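# Architecture at a glance
Listed here are the chains, written in short residue letters.
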Amino acid sequence: MKHSILTVLNNSTYTRFFFINFLLVLCLCSNTPLLAIPTHFTTKDVKFSSEGISLSGTIFKPDNVSGAVVLVHGSGQEKRMTEFATLLAKNGIAVFTYDKRGVGESGGVYAGPEVGTNNVDSLNLNLLSLDASAAVNILSENLQNNTIQIGLMGGSQAGWIIPLAAQKNKKIKFMTIFSGALIPVKQQLRFQFYTNGNSSFWDTHTEEDARKHIMTDPDKYEFTDTNPLDTLSQLSIPGLWIFGGKDIQVPVNLSIEYLNGLIADKKRYEYKLYPALGHNTAFSSSAEPVEYAISWIKNRKGAKNK
C-alpha cells in the first residue's frame with residue numbers, strides 16, 4: 001500500500017493518542033481518586049511572544065502549588081489542553097497550557113498532517129521547542145516563587161521537543177514524557193510503517209523482527225533528522241519516561257535500552273513500563289500512569305538543582 005506523509009503522520013497519532021483523548025481520561029478518572037484531595041485553583045488567560053509571533057494560553061494555579069509544568073503538544077493541530085490541565089491543577093500542579101502556533105488563538109503557521117505538511121523536520125521540532133521555552137518563562141513570571149520547580153510534560157512527538165527546549169532554558173528543571181521515542185525520527189517512522197497500525201502486531205512479530213526493520217528499511221521520506229540522544233546526553237536535569245509495552249508507534253524496548261545507557265552514564269533519568277498498555281499510556285483504562293507522573297512531579301519539590 002502506498003503511503004503519503006499525511007497518512008504516516010495521521011496514523012502515528014503522536015498527539016491524537018496522547019492529547020485528543022483528554023475527554024476520555026476525564027471520564028475514566030472521574031470515579032477514580034487521584035493522589036490528593038482536589039484543591040481549588042484559579043485560571044488566567046495570557047498572551048506571550050515566541051520567535052516573533054503571539055501565542056495564547058491559560059495558566060492554572062492551585063492555592064497550594066506542589067509542582068509546575070508547561071504542557072507540550074504532540075503532532076496534532078491542538079489547542080490549549082484545558083481538561084488535562086484541570087486534572088493536574090486539582091492535584092496541586094500549576095500548569096501553563098497554550099494553543100499550538102497556528103492553532104486557536106495563537107499566531108504563526110501550523111505544520112502537521114491536517115494541512116499536509118511535514119511536522120517532524122528538525123526545523124519544526126526546534127521551533128516548537130522555542131515556543132515551549134518561552135512558555136516556561138511566562139509560567140515562571142506568574143508563579144513568582146523560585147522554590148517551585150518548573151518542568152515540561154508531554155507525550156509522543158513531545159518526547160523529541162521537550163529535551164530540545166530543556167537544553168535552551170535553564171528554568172526547566174525536569175521532564176515528564178509519556179510514550180516518547182529515544183530513537184531518531186526516521187527510525188521511528190520505519191517502525192511505524194512496519195506496524196501499520198496493527199494492534200496485534202506484537203502477537204505475530206518479534207523484537208528481533210522490529211529491530212531489523214528499524215535499522216535496515218529504506219526511508220520513505222527525506223528530511224533533516226533529529227536524534228534525541230544527542231540532546232539527552234548533554235542534559236543534567238531529571239527525567240521520567242512512561243511507556244506501554246504494547247506500543248505500536250514507538251519501539252519501547254529499544255527506547256528503554258538507550259535510556260538505560262544514559263542512566264549508566266549517571267544521567268538522572270528513570271522510566272516506568274506498563275506492559276499491558278499501548279501508546280496512549282496517559283489515557284488508558286488505568287489511572288496509574290497519570291498518578292505515578294503526578295507523584296513523581298511532586299517529589300521534585302525541594303530537590304537539589306544541578
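Quick note: structure is the one above.
Residues numbered from 1 in each chain as written. Predicted model: local features only at pLDDT ≥ 70, side-chain atom pairs only at ≥ 80, totals over all residues. Heavy atoms only, no water.

On to the nonpolar core, then. Ranked by size, the top nonpolar core spans 60 residues in total, and within it Phe96, Met175 and Trp241 carry the most contacts. It is helix H4 (residues 122-143) that contributes the most residues to this core, 9 residues altogether. When near neighbours in sequence (up to four residues on either side) are disregarded, Phe96 contacts Val46, Phe48, Gly57, Thr58, Ile59, Val69, Val70, Leu71, Ala135, Ile138 and Leu139. Core analysis: the second largest hydrophobic core is formed by 26 residues, Val69, Phe84, Leu87 and Leu88 among them. (Core = buried A, V, L, I, M, F, W, Y, C linked by side-chain atoms within 4.5 Å. Buried < 20%, exposed > 50% of the residue type's maximum accessible area, 1.4 Å probe, protein only. Helix = DSSP H or I, 4+ residues; strand = E, 2+ residues; numbered from the N terminus. Contact = heavy atoms within 4.5 Å.)

A few words now on helix H8 (residues 207-216). Among all positions in H8, only Ala210, His213 and Ile214 are buried. Take H8 and look down its axis: the buried residues cluster within an arc of 100°, on one side only. When the buried face of H8 is taken as reference, the exposed residues oriented beyond 90 degrees from it are Glu208, Lys212 and Thr216. (Arc of directions from axis to C-beta.)

All right, on to the environment of Tyr258 then. Structurally, the position occupied by Tyr258 is in helix H10 (residues 252-264). In this structure the C-alpha to C-alpha distance between Tyr258 and Ala181, which are 77 residues apart in sequence, comes to 9.9 Å. Excluding residues that lie within four positions of it along the chain, Tyr258 makes contacts with Leu182, Ile183, Met215 and Leu229.

Of note, Glu51 is a non-glycine position whose phi angle comes to about 50°, a positive value. For Glu51, a relative accessible area of 54% corresponds to the exposed category. Here the phi dihedral of Asn196 falls at roughly 55°; this positive angle occurs in a residue that is not glycine. Its place among the elements puts Asn196 in the loop between helix H6 (185-195) and helix H7 (201-204).

So yeah, pure geometry; function would need other evidence.
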